[in-house]
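Close look at the chain arrangement
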Amino acid sequence: MPSKHVVPLAAVGGTVDIPGDKSISHRAVILGALSNRSCRVENFLVAEDCLRSVDAFRQMGTVIERDGTTLQIQGQGLEGLKPPTRPIDCGNSGTTTRLLMGVLTGQPFEVTLIGDASLSRRPMDRVIEPLSRMGAFFLDVKESPAHLPLRMLGSRNVRPLEWKSPVASAQVKSAILLAGLYASGPTVVMEPSLSRDHTERMMKACGVTVERKGNQVTVRGTATVRANQFLVPGDLSSAAFFLAAGLLKSSSGVTVRGVGVNPTRAGVLEVIKAMGGECRLSRATEQGGEPIADVTAKASALKGTEIKGELIPRAIDEIPILAVLATQARGRTVISDAGELRVKESDRLAALREELSKMGARITEKPDGLVIEGPAALRGAAVNSHGDHRLAMSLAIAALTAEGPTTIDDVDCVATSFPSFWDLLAQIGKAA
């Protein structure tokens, strides 16, 4: 397994351009393929996870041409997909898997979905249950929780659904809404708190009737998707690693340009503010219904805080890097209501406790979160990513503040979401 050697830095600084948003890139491919016209996608994230979505639709007959970070998709409409001739390999991408299951609910053919070892451990029941009620058949599912590989058979007679989700999950909500495009009436999803809303925003931009009332969203079935163009903003989840580096190591500031700051994704910025971090937005604008801004973070005297409740679904992907910040904050940081992190690419709660403890962090694991006492004098150590891209990158930022070098094992996983991460990390070190 490849490893990375990271040495501490006295300071970081400069301006970086982050690759396109992962969540929006996936959805742009899906809605482009379901469009009744040709669709151009700019600033697409060229990473393994998003390319799995591209390959999935190519297997179902969609013509998708890529030139660098630009895609040209020949939309086939809702009923133009064709049966794949082999299993669709979703790799490590839970987003590809679950959103694709929503689309496949409306397809009258059988598909087998497979994935890598990590994805094959992730539970699929929370998507299978609502989609089954809408008319999808999941074949050979003999145990719960169900995992990949999965065989499913869709239908042209998709039933509308009112679904009260027990968790705030954008993947569950999006799968149901995508299936709802094929339904004979309105499909409604109610969440305990609002999860990221890219699917609703992008559907609406494509002419689909979407209504939101509080934490409830409704899509009208037998819709026509009219996607012409998507410009994908920079990924805030990826930007968070460099903002954290700025908060820990930059008196001049680290600026990330053109980042998506959708309120349902911007929980990380709220947590940074609660911790006393200096983080400001500039050049704010909006494109395709998505707010975008430059974000700058400077070295700050951080303090412990609580991260819980409705903040969690809006900062779920950033919890690993927030845990790193908490190791350097004065006082106690308590993360709660984050049991969802146990079924990500790794058990992120256990992995964060294990690996940050090796570096000297004072961190306690609890069933739904972590308790972190700071500040801790981190030291270089041999640590492992557990095959989890966000854990690998978080450990790299922790290593910048440590005394002595750190070796991170199993770093190939970073390519699933952020292939240019290591180059940009070197860039902000040289710019200081």
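Structural data are supplied above this passage.
These remarks concern the structure in this document. This is a predicted model, so every value here is computed, not measured.

As for its placement among the helices and strands, Thr-255 is situated in strand S15 (residues 254-260). Taking relative accessible area as the criterion, Thr-255 reaches 16% and is therefore assigned buried. Setting aside anything within four residues of it in sequence, one finds Thr-255 in contact with Gly-14, Thr-15, Val-16, Asp-294, Val-295 and Thr-296.

The next point concerns the nonpolar core. Core analysis: the largest hydrophobic core is formed by 76 residues, its most contacted members being Phe-242, Leu-356, Met-359, Ile-397 and Phe-421. The biggest single contributor to this core is helix H7 (residues 236-249), with 10 residues. For Ile-397, the residues in contact, after removing those within four places along its chain, are Phe-241, Ala-244, Ala-245, Leu-248, Ile-321, Phe-421 and Leu-425. Leu-113, Phe-138, Ala-175 and Met-203 belong to the second-largest nonpolar core, a separate cluster that totals 69 residues.

For the rest of this paragraph, the subject is the packing of H7 against helix H13 (residues 421-431). Where H7 meets H13, the axes come as close as 11 Å, and the angle between the chain directions of the two elements is 20°. Considering the angle they form, H7 stands roughly parallel to H13. Relative to H13, the crossing made by H7 is right-handed. From H7, Phe-241, Phe-242 and Ala-245 reach across to H13, where they touch Phe-421, Leu-424, Leu-425 and Ile-428. Of the residues belonging to the contact of H7 with H13, the class tally is 7 nonpolar, no polar and no charged.

Our next topic: the packing of aromatic side chains. One pass over the full model with this rule turns up 5 aromatic pairs. Here the aromatic rings of Phe-241 and Phe-421 are separated by 6.0 Å at their centres, their planes lie at 75°, and the arrangement is edge-to-face. One end of the pair, Phe-241, is in helix H7; the other, Phe-421, is in helix H13, and 180 residues separate them in sequence. Through a chain of ring-to-ring contacts, three or more aromatic side chains come together here, namely Phe-241, Phe-242, Phe-418, Phe-421 and Trp-422.

Turning to the packing of helix H3 (residues 94-104) against helix H5 (residues 170-180), a few remarks are in order. One way to put it is that H3 packs onto H5 with a least axis distance of 6 Å and a crossing angle of 25°. In terms of orientation, H3 lies roughly parallel with respect to H5. In the crossing of H3 with H5, the sense of the turn from one axis to the other is right-handed. Every residue of H5 that contacts H3 at Gly-94, Thr-95, Arg-98, Leu-99, Gly-102 and Val-103 is listed here: Gln-171, Ser-174, Ala-175, Leu-178 and Ala-179. Here the contact of H3 with H5 is built from residues that sort into 5 nonpolar, 5 polar and 1 charged.

Moving on, we get to unusual backbone geometry. Leu-148 connects to Pro-149 through a cis peptide bond whose omega is 0°. Summarising the element assignment, Pro-149 is placed in the loop between strand S8 (137-139) and strand S9 (150-153). Omega for the bond connecting Gly-374 with Pro-375 falls within 30 degrees of zero, at -5°, which places this linkage in the cis form. Position of Pro-375 among the secondary structure elements: in the loop between strand S21 (369-374) and strand S22 (382-384). If you check the backbone angles, Arg-283 has positive phi at about 50° while not being a glycine. Non-glycine residue Asp-337 carries a positive phi angle of around 65°.

A separate point is the side chain of Thr-96. Here Thr-96 shows up in helix H3. By relative accessible area, which is 3% here, Thr-96 ends up buried. Within the local environment of Thr-96, its side chain forms a polar contact with the side chain of Ser-53, the two groups lying 2.8 Å apart. Separated by 2.8 Å, the side chains of Thr-96 and Ser-93 make a polar contact. Once residues within four sequence positions are removed from consideration, Thr-96 is found in contact with His-26, Asp-49, Arg-52, Ser-53 and Cys-90.

A separate point is the pairing of strand S4 (residues 63-67). The pairing of S4 with strand S5 (residues 70-74) spans 5 bridges and is antiparallel. When the bridges of S5 are listed, Asp-67 appears paired with Thr-70. Adjacent in sequence and paired antiparallel, S4 and S5 are bridged by 2 residues, among which Gly-68 carries a positive phi angle near 65°.

It is worth spelling out the sheet that holds strand S2 (residues 14-17) at this point. Read across the open sheet, the 4 strands follow the order S2-S15-S17-S16; overall the sheet is mixed. What marks the edges here is a single partner per strand, and that holds for S2 and strand S16 (278-287). Taken over all neighbouring pairs, the strand axes of this sheet differ in orientation by 20° on average, direction set aside. With 8 bridges joining them, S16 and strand S17 (residues 290-298) adopt antiparallel strand pairing. Following the sheet pairing, Glu-278 is matched in S17 by Lys-298.

A few words now on the state of the cysteines. Joining two cysteines, a disulfide is a covalent bond between their sulfur atoms. Across all of its chains, the model carries 0 disulfides by this definition. The structure places no disulfide on Cys-50, whose sulfur is separated from the nearest cysteine sulfur, that of Cys-90, by 13 Å. What makes Cys-90 buried here is its relative accessible area of 0%.

Thresholds, definitions, all that
Residues numbered from 1 in each chain as written. Predicted model: local features only at pLDDT ≥ 70, side-chain atom pairs only at ≥ 80, totals over all residues. Heavy atoms only, no water. Helix = DSSP H or I, 4+ residues; strand = E, 2+ residues; numbered from the N terminus. Buried < 20%, exposed > 50% of the residue type's maximum accessible area, 1.4 Å probe, protein only. Contact = heavy atoms within 4.5 Å. Core = buried A, V, L, I, M, F, W, Y, C linked by side-chain atoms within 4.5 Å. Axes fitted to C-alpha atoms, helices over the stretch in contact; angles between N-to-C directions. Parallel < 35°, antiparallel > 145°, perpendicular 65-115°, else oblique. Left-handed = near helix turned anticlockwise from the far one by under 90°. Nonpolar A, V, L, I, M, F, W, Y, C, P; charged D, E, K, R; others polar. Phe/Tyr/Trp six-rings, centres within 6.5 Å; stacked < 30°, edge-to-face > 60°. Polar contact = N/O pair within 3.5 Å; in protein donor to acceptor, adjacent residues only side chain to side chain. Pairing = 2+ DSSP bridges. Disulfide = S-S within 2.5 Å.

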